[in-house]
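The lines below spell out each chain.
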Amino acid sequence: MRLNKQLIAALGAFAVLGLLVLALFALLPDTYRQDNLPVTLSDRAQNAFAAGIITNAGGSYTVQEKNGVFLCETLDGLPTSQKAFETLAQQCTSLTAYGPVDQTHATPSDYGFDTPTATADVTYSDAGGIHIEVGAAVAGTNQYYIRVDKSAAIYRIEKDDIRYLLADQSVYLNLSLTPSGTDNNTLPTAVTLTQNRTTLSLKKLDAVAVDGVGLTYQYQLQNDRGSYVDPDSYKTYFGELSQLKALGVVTMNPTDLDLQEYGLSPQSKTPPTVLSFTMLGETVTLRIGNRSGDFYYLYREGIPAIYRLDALAATWDGVTEYALMSRYLMAPLQSSLRGITITSGDTSYQFDLTQSPALFNGSTIAPPSMDAFYTLLCSLRAEYEMAEPAQNIPPDLSITLVYDELATAPAAGGSTATQDGQLPWRTDTIRFIPYGTKRYAIEINGTAQYAVRSAYVAKVLAVLATLPNGAPASPIW
């Protein structure tokens, strides 16, 4: 008897709960009282797409498929994304929605079909087709109303499933900013950057270069000295060029006024940064204009569109020659030299590298000692950029490197051809001029831009004094 009473009580509770659920359901908006199970509006294969006329707020355009390639006449000649076209084809052939919507107290116009948000007239490869209409957005959701072939039935569909029907032609532009065919391993053969009215130019070497310190380089700066580009610095500032990609398109077919407004014109209040690089034999020139929040406006020469570029992708921001160059200012391979002359005050030291083993002040120097000392010489690093010019005073130390190649122009100091008409050997001269406290200005062939701690000069002079004795030389100073 007790069991029957418990069963009756439980049944009563379930009945009350059911009535409450029905009451709540009756209070929900019509949209949510309809069947939320998915409904297939079209289940064609993607490759059934032959052509489509898309009309939305961005205008009207036609996309066609020919021999597996998608074409849009108004984008002819521009870099387009086949993947984007494929997504459009998929959204025009395979449609899954929810509903139908209960229209008891409404008409199609209440759902935005008097002036559709977008339409698509699609032709399939078997001569069939479909007419898709996208109505108004469903309030409070990320959905739109949709119907096909003028059907009386109206459904709801996720915005992401029709996003290409809502987009203008710019969505089909390829957002890659590199030449076709590049991948993550593609290296530019040349890079030129002009920002803040300063130009930096890099050139890829035909072969990897090795300096006297043993470091390897792939790029060289096109400056007076032909400085090598530090590999880590290159990676920091330009290492991601082959992956450069825009976030999206701001506008198509910009006017001169648009370019000026976005800081992309030479006539803009602040001239744009100009980045040019060559990959796979093709040169790309980009203008980077004003910043807006977390992106820059960007224009690619030859492409009539203004893009958005993620500010984090502009890795070259703020780069300088000093930040990019190898800090080892004068470190040629020892095998490239004929000799070295070092002077300090009235004392001079001569290295003859044409002999094997080399001669130091006319006497043979053991190869390990010579190699260790040469490594010390090459350890010269630019530690500071000079804020003021060097004084016009005699140097405390001068190093002249004589290369095993003839000069192609008068050497520093005005030297000319020798008496027999031959040009002299090419030379580089590095002078160390006192500069502030415990520092020296490093003057290379008459130009001083960088400074080094006085410890370098002190170490070189100390090692020179003991070198004839074969004392070991450390490059640490």
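From a predicted model like this one, the values you see are computed outputs, not experimental measurements. (Residues numbered from 1 in each chain as written. Predicted model: local features only at pLDDT ≥ 70, side-chain atom pairs only at ≥ 80, totals over all residues. Heavy atoms only, no water.)

Some points on the overall build of the chain
When helices and strands are tallied, the chain shows eight helices and 26 strands. Burial status across the chain gives 40% buried among its 477 residues. Taking the contacts inside the chain whose residues are at least 6 apart along the sequence as the reference set, 61% of them involve residues at least 24 apart. Entry remark: accessible area of the chain is about 25,400 Å², with carbon and sulfur atoms responsible for 51%. (Helix = DSSP H or I, 4+ residues; strand = E, 2+ residues; numbered from the N terminus. Buried < 20%, exposed > 50% of the residue type's maximum accessible area, 1.4 Å probe, protein only. Contact = heavy atoms within 4.5 Å. Areas by Shrake-Rupley, 256 points an atom, 1.4 Å probe, with all protein chains shown as cover.)

Notes on the packing of helix α7 (residues 367-378) against helix α8 (residues 454-466)
Two numbers describe how α7 lies on α8: the axes approach to 10 Å, and their chain directions differ by 160 degrees. As far as their axial angle goes, α8 and α7 are roughly antiparallel. The interaxial crossing formed by α7 with α8 has left-handed handedness. Residues F373, L376 and L377 of α7 touch α8, and the partners they reach there are Y456, K459, V460, V463 and L464. Taken together, the residues of the contact of α7 with α8 break down into seven nonpolar, no polar and one charged. (Axes fitted to C-alpha atoms, helices over the stretch in contact; angles between N-to-C directions. Parallel < 35°, antiparallel > 145°, perpendicular 65-115°, else oblique. Left-handed = near helix turned anticlockwise from the far one by under 90°. Nonpolar A, V, L, I, M, F, W, Y, C, P; charged D, E, K, R; others polar.)

Description of the environment of P367
If you trace the backbone, P367 turns up in helix α7. Through-space distance from the C-alpha of P367 to that of P357 is 6.3 Å; in sequence the pair is ten residues apart.

Points about the sheet that holds strand β14 (residues 273-279)
Strand order in the open sheet formed by eight strands is β12-β11-β10-β14-β15-β16-β17-β13, and the pairing between neighbours is antiparallel. The outermost strands of the open sheet, each flanked by one partner alone, are β12 (216-221) and β13 (248-252). Taking the axes of each pair of neighbouring strands and ignoring which way they run, one obtains an average angle of 25 degrees across the sheet. The sheet contact formed by strand β10 (residues 190-195) and strand β11 (residues 198-210) spans six bridges and is antiparallel. Counterpart to L193 in the pairing with β11 is L200. (Pairing = 2+ DSSP bridges.)

Digging into the side chain of T119
By the element assignment, T119 lies in strand β6 (residues 118-124). You can call T119 buried: its relative accessible area is 17%. Dropping the residues within four chain positions of it, T119 is found in contact with I53, I54, T55, H131, I132 and E133.

Re the nonpolar core
Core analysis: the biggest nonpolar cluster contains 109 residues, and F238, W316, I340, F351 and F432 have the highest contact counts within it. Broken down by element, this core gets its largest block of residues, six residues, from α7. Residues contacting F238, with those up to four places away along its chain left out, are V191, L193, L202, L275, T315, W316, V319 and L324. One finds Y262, F295, Y297 and Y299 within the second-largest nonpolar core, a separate group that totals seven residues. (Core = buried A, V, L, I, M, F, W, Y, C linked by side-chain atoms within 4.5 Å.)

Things to note about the sheet that holds strand β21 (residues 363-364)
Here nine strands make up an open sheet; going across it, the order is β21-β20-β19-β18-β23-β24-β25-β26-β22 and the pairing antiparallel. Of all strands in the sheet, those with a lone pairing partner are β21 and β22 (384-385), marking the two edges. Across the sheet, α8 is in contact with β18 (337-344), β19 (347-352), β20 (359-360), β23 (397-406), β24 (425-434), β25 (439-444) and β26 (447-453); its angle to β26 comes to roughly 80 degrees.

Observations regarding the pairing of β23
Summarising the sheet, β18 and β23 pair through six bridges and their orientation is antiparallel. When the sheet's bridge partners are listed, I340 is paired in β23 with L401. Here seven bridges tie β23 to β24, and the two strands are oriented antiparallel to one another. Note that in β24 the partner of T400 across the bridge is T429.

Brief notes about the confidence of the model for the chain
On average, residues of the chain score 91 in pLDDT, and 90% of them reach the 70 mark or higher. pLDDT under 50 marks residues 21-34. Its contacts with residues more than four places away, or in other chains, come to twelve contacts. (pLDDT = per-residue confidence, 0-100.)

Some words on helix α4 (residues 231-238)
Taken together, the buried positions of α4 are occupied by S233, Y234, Y237 and F238. The arc that holds every buried residue of α4, seen down its axis, measures 100 degrees, which confines them to one face. The outward face of α4, more than 90 degrees from its buried face, is lined by the exposed residues D232, K235 and T236. For α4, the elements touching its buried residues are β10, β11, β12, β14 and α6 (321-324). (Arc of directions from axis to C-beta.)

Quick look at unusual backbone geometry
Glycine aside, a negative phi is what most residues show, and trans is what most peptide bonds show. Residue P100 is bonded to the preceding G99 through a cis peptide linkage, with omega at 5 degrees. With respect to the element layout, P100 can be found in the loop between β5 (94-98) and β6. For the bond running from S356 to P357, omega is 0 degrees, close enough to zero to count as cis. Summarising the element assignment, P357 is placed in the loop between β19 and β20. Of note in this structure, R197 is not a glycine but carries a positive phi near 65 degrees. Positive phi values are uncommon outside glycine, yet N445 reaches one of about 50 degrees. Residue position: N445 is located in the loop between β25 and β26.

Focus: the packing of aromatic side chains
Inspection of the entire model under this criterion finds 17 aromatic pairs. Note on Y61 and Y172: the rings are 5.6 Å apart at their centroids and 70 degrees apart in plane angle, and the pair reads as edge-to-face. Taken as a pair, Y61 in strand β3 (residues 59-66) and Y172 in the loop between β9 (155-158) and β10 lie far apart in primary sequence, 111 residues in all. Assessed through its relative accessible area of 0%, Y172 is described here as buried. Through a chain of ring-to-ring contacts, three or more aromatic side chains come together here, namely F49, Y61, F70, F85, Y164 and Y172. A cation sits over an aromatic face here: R327 above Y322, 3.8 Å from the ring centre. (Phe/Tyr/Trp six-rings, centres within 6.5 Å; stacked < 30°, edge-to-face > 60°. Lys NZ or Arg CZ within 6 Å of the ring centre and 35° of its normal.)

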